[in-house]
Every structure is written in structure tokens, then in C-alpha cells.
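Commentary on secondary and tertiary structure
Okay, here's what each chain looks like letter by letter:
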Amino acid sequence: MNKTIVTMISIIIVIAAILTAIAIDIPNQDDNSSKIEIEIGEEKILDDCTDEYKEMEYEDTIKANTQEEKTSPNCSIITKMYYQKCGHTKSEYANLPQELVNLARRQIQEKYPEYEIESFASNEVILYQQKEGECGEHYMVKDKEGMVIIYQILEDGSQIELETTGITTEYLPETDKINMKNGIQVNGKQELNQLIEDFE
């Protein structure tokens, strides 16, 4: 009976020793597996677990992320002009000229040094500039001898006759006729066109 117990205890001790040795060796194998390199002659093959591979992958990611955005062939360009004296902003929309296609932000800035780039994307570039003075789009619409006449208001406040519309004041509502005697001031071509359309 004693021999059997001693034999069993010996077997348990041997198994425990083997398991302990295996448990200690496994972490060492994991450390080595993350740095696998196979050398063929002078060439090194990098496995995706190696440090060198990870560094190369990181550098490629940085290069891809730092590529500059450039204008595309269907890009539009918007120039915004702010006039300090009257506080108005005029915007002009156009297709990007062919010679400006595939340019980066700094290259566009070089082409338009007098403007500030307000926003830059491959499909739209917005340029902004401030100017002293007025926008030149201040108008007065008046009744002159029964006709609707458009006057441009100059910076000094004087008015010059710009256009005779061909619209008679005879059929306008009474409030419009009274306003037309004093003159209706409008700012910008869009507002002017809307007023004229209302009279037609």
C-alpha cells in the first residue's frame, strides 16, 4: 500500500514539474514570435509581427495622410469682396480655369496673393478680400415723367441716371407711386431686379 502511495506521489511531482517548465517557456516563445525574421542570403523578409514591418506600415500611413488636397477639373471658384464703407459683400461664381486644375492650396494662394483663402476643397475654392469704399451697387428707383427710372448712387451721394425701364407708373399701386416720388433705394443687382420684376 505504501509503495502505491509513494509511486502516485512521485508521478504527481513529475507531472507538476513538467507543467511548470512548460508554463515558464510559453511566454518566452511569444516574445520571440513577435520578432520573426527570415534571412535569405543578404535579404531580410519582414513578417507582419516584426517591429520593422510595423514601422514601415506607420510611415506609409503618415505619407498617405499628409498628401495635399488638390483642385479637381469640376471645381468652382468663388470670389467674395467685402466693402468696408457700405458693409456689403459681393460674390462672384465661376468654373475654375483649366490652368488652376490639380493645384494645392498654397499654389492657389500664390496665384491670388491679394486674396485670403476662406475655404479650400477639391470641388470648391472660396477667396475673400476686403476693400475700402463702396460696392458700387447702390441704386435709386424713381418716377420720372410717369416712367420707372433706375439711378446709380455714387460714393459721394450723387446720382446718375442708369436705365429707363420702359415701365410706366400709371398702373402701379398707390403706395408704390408715393414711394417712387421720393425714390426707392435698393442695394445689389439681385434686389434691384426683384423690385423691377414686381413692377412689371
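These notes cover the structure that comes with them. Quantities reported herein were computed from a predicted structural model and do not represent experimental measurements.

1. Remarks on the side chain of His138
Relative to the assigned elements, His138 resides in strand E7 (residues 138-144). Only 2.8 Å separates the side chain of His138 from the side chain of Asn187, close enough to count as a polar contact. Excluding residues that lie within four positions of it along the chain, His138 makes contacts with Cys86, His88, Tyr151, Gln152, Ile153, Gln185, Val186 and Asn187.

2. As for the packing of aromatic side chains
Tallied over the full model, the rule gives 1 aromatic pair. For the ring pair Tyr112 and Tyr115, a centre distance of 6.1 Å and an interplane angle of 80° mean the geometry is edge-to-face. Looking at Tyr115, the relative accessible area reads 14%, which means it is buried. A cation over a ring is seen here: Lys142 above Tyr151, with NZ or CZ 5.4 Å from the ring centre.

3. Thoughts on the environment of Glu92
When you line up the elements, Glu92 lands in strand E4 (residues 89-95). Classification of Glu92 as exposed rests on a relative accessible area of 52%. Between the alpha carbons of Glu92 and Ile78 there is a distance of 5.6 Å; along the sequence they are 14 residues apart.

Conventions adopted
- Residues numbered from 1 in each chain as written.
- Predicted model: local features only at pLDDT ≥ 70, side-chain atom pairs only at ≥ 80, totals over all residues.
- Heavy atoms only, no water.
- Helix = DSSP H or I, 4+ residues; strand = E, 2+ residues; numbered from the N terminus.
- Polar contact = N/O pair within 3.5 Å; in protein donor to acceptor, adjacent residues only side chain to side chain.
- Contact = heavy atoms within 4.5 Å.
- Phe/Tyr/Trp six-rings, centres within 6.5 Å; stacked < 30°, edge-to-face > 60°.
- Buried < 20%, exposed > 50% of the residue type's maximum accessible area, 1.4 Å probe, protein only.
- Lys NZ or Arg CZ within 6 Å of the ring centre and 35° of its normal.

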